[in-house]
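A closer look at the structure
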Amino acid sequence: MDKLLIRGGRTLRGEVPISGAKNAALPELCAALLTAEPVTLHNVPRLQDVATMLQLVRNMGVTAERDGNGTVSLDAGDLTKPEAPYELVKTMRASVLALGPLLARFGHAKVSLPGGCAIGSRPVDQHIKGLTAMGADISVEHGYMVAKLQPGLRRLRGARITTDMVTVTGTENFLMAAALAEGETVLENAAQEPEIPDLAEMLIAMGAQIEGHGTSRIRIQGVERLHGSTHTVVADRIEAGTFLCAVAAAGGDVLLRHARADHLDAVIEKLREAGASIEAVEGGIRVRASGRLKAQSFRTTEYPGFPTDMQAQFMALNVIAEGTSTVTETIFENRFMHVDEMLRLGARIQTDGKVAVIEGVPQLSGATVMATDLRASASLVIAGLVAEGETLVDRIYHLDRGYDRMEAKLRGIGADIERVSGAAG
C-alpha cells in the first residue's frame, strides 16, 4: 500500500496546473449514457474514481477510451446492460449518477446503493423521491435500486421537484433525467455548485433545453433525444483551494494555472483575512504568503458558502496559525476524523459534536498518520509540509480518488515529498 513521505519546512514557489474537476467529470461521464452518439470530454482528471466510472460504463457495453492528455471518448450506442453492480461501485458514491440517465433513456435500470468515503450519511432517498415524481417505480432489493417506468408511461414525465435538502448529486441526476423527460421539469432548492452549470452546459450542447442553472431554480424542457457533443471539464475548485491552503501554510509564491477565483470566493476571503495575498490573474490564481498567518473561524455550508470539502485543509492552516479558531461543520456528521491524526503531529484541537476549537501552535512535529477520507488525506499532506522532520501519510488511496498526482505537483513547486511503497496499513 502506497504512502507519502514528506520532509517539512520547504517554501513553495512556481506554477501548478489545476486539473479538471472530479465532481464535474463523474456526472458528465454518466451524461454520455443519455445518447447513442459519440461524446468527447476534454480535461478529464487522472483519478481512481474516474477510472472506476470508466470501468462501470464499459461494463454496461459503452465504448470508452482515454488518451494521455485528459481526453475521454465515449460511445453508448451499443449499451446493452443498464446496470451498475456493487463490485464496481462499492468505493464510489457517484455511481448513483447512473440511475437518472439510464432510466431516462432505457426506461429501466438497476444500480447498487453506493459506497465512498466514510464521512457520514449520504442518503439516496432524495434521488428516489425526485425520480418517482417523474414517473419512476423504484424499489430497493438486495442492496440495489431497481427502477422502471410506472405502468402506462413511455418515458419519464416532467415534474416539480423540491428536495428536503440541497443535494448536488440529486440535482445532477434530476437534470440528466429531465433532459429526456416528457414536458417541463422544475428543480426547486437546486444545488448551485459550479459543477452543476458545467454539466448543464454539456447537456445543452447535446440538445437539452435548460434555464436557470447556477441558481436555486432550474427549468428543463424535455426533448425526444440528445445527440453527441464535445465538452471541456471545468477546473477543480477543491484542488485549487487545497493548493491555496498549502501555500498559505508553508509560505511561498505560486501560480495556480487554470484555477477560477470566482468559484472560490468564500475560501479566498478567509485566506485573505488570514494574511495571504491572493489575486486573480490571467490564466489562474496567484497566491503569496510568508510567516505565521492569523487563525480564522468559519462554518461550512452549501455553495456559495464555505465548502465542506475545504474544511479539513483550512483546519490544517489554522492548526499552525496565530490565535484560536472555531470550525463548525454543518454538512456531514463524521467529518472531523482527521483531528485525531493532526493531534499526533502536535496540533491542539478539541471537538464537541459539529464544532472544533483549534488553538494554533507555532510548530508541528512529523509523525506517521493515517488518511481516513479524501479531504482528510489532503489536510494531513498540508500539515506534513509544515511539520518539523518527516511525516508519513498512510492509506493514500483515499487521496488518489480525488487528486491528480498531488505529490508530483507539490514536488514541482519545491516540496520534499515522495510516494513510497510499504505493507498495508
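Summary of the structure given here. (Residues numbered from 1 in each chain as written. Predicted model: local features only at pLDDT ≥ 70, side-chain atom pairs only at ≥ 80, totals over all residues. Heavy atoms only, no water.)

Take the sheet that holds strand β19 (residues 324-328) next. Within the open sheet, the four strands sit side by side as β18-β19-β21-β20. Their pairing is mixed. Bordering the open sheet on either side are β18 (298-299) and β20 (348-352), each of which pairs with just one other strand. In this sheet, strand β21 (residues 355-359) lies alongside β19 in antiparallel orientation, the contact comprising five bridges. Counterpart to threonine 324 in the pairing with β21 is glutamate 359. Relative to the sheet, helix α10 (residues 311-319) contacts β18, β19, β20 and β21, its axis offset from that of β21 by approximately 30°. (Pairing = 2+ DSSP bridges. Helix = DSSP H or I, 4+ residues; strand = E, 2+ residues; numbered from the N terminus. Contact = heavy atoms within 4.5 Å. Axes fitted to C-alpha atoms, helices over the stretch in contact; angles between N-to-C directions.)

The buried fraction of helix α7 (residues 195-205) is high, at eight of 11 residues. Every buried residue of α7 is accounted for by Glu195, Ile196, Pro197, Asp198, Leu199, Ala200, Met202 and Leu203. Of the residues flanking the end of α7, it is glycine 207, one or two places downstream, whose phi is positive at about 110°. (Buried < 20%, exposed > 50% of the residue type's maximum accessible area, 1.4 Å probe, protein only.)

With that settled, the discussion passes to unusual backbone geometry. The amide bond that connects tyrosine 303 to the next residue, proline 304, takes the cis arrangement and shows omega of 15°. Counting through the fold element by element, proline 304 comes out in the loop between β18 and α10. The backbone of asparagine 43 sits at a positive phi, close to 65°, despite the residue not being glycine. Residue asparagine 43 is classed as partly exposed on the basis of its relative accessible area of 29%.

One open sheet holds the four strands; their spatial order is β10-β11-β13-β12, and the pairing between them is mixed. The two strands at the open ends of the sheet, each matched to only one other strand, are β10 (160-162) and β12 (209-211). Between one strand axis and the next, the sheet turns through 15° on average, direction left out of account. As defined by bridge partners, β10 adjoins strand β11 (residues 184-188) across three bridges and the pair is classed as parallel. Note on β11: the bridge partner recorded for isoleucine 161 is leucine 187. Across the sheet, helix α6 (residues 168-179) is in contact with β10, β11, β12 and β13 (217-221); its angle to β13 comes to roughly 25°.

Before going further, it helps to spend a moment on the pattern of salt bridges. Where charged atoms from two side chains of opposite charge come close, those side chains can pair. Using the criterion set out here, one finds 28 salt bridges in the structure. Residue arginine 286 is joined to aspartate 253 by a salt bridge in which the shortest nitrogen-to-oxygen separation is 2.6 Å. Residue arginine 286 is found in strand β17 (residues 284-289), and its partner aspartate 253 is found in strand β15 (residues 252-257); the two are separated by 33 residues along the sequence. Glutamate 273 is the salt-bridge partner of lysine 270, the closest N and O atoms lying 3.8 Å from each other. Taken as a pair, lysine 270 and glutamate 273 lie in helix α9 (residues 265-274) at a separation of three residues, close to a single helical turn. For glutamate 273, a relative accessible area of 39% puts it in the partly exposed group. What emerges from the salt-bridge pattern is a single network uniting Arg7, Arg10, Glu390, Asp416 and Glu418. (Salt bridge = Lys/Arg side-chain N within 4 Å of Asp/Glu carboxyl O.)

What is shown is where atoms sit, not what they do.
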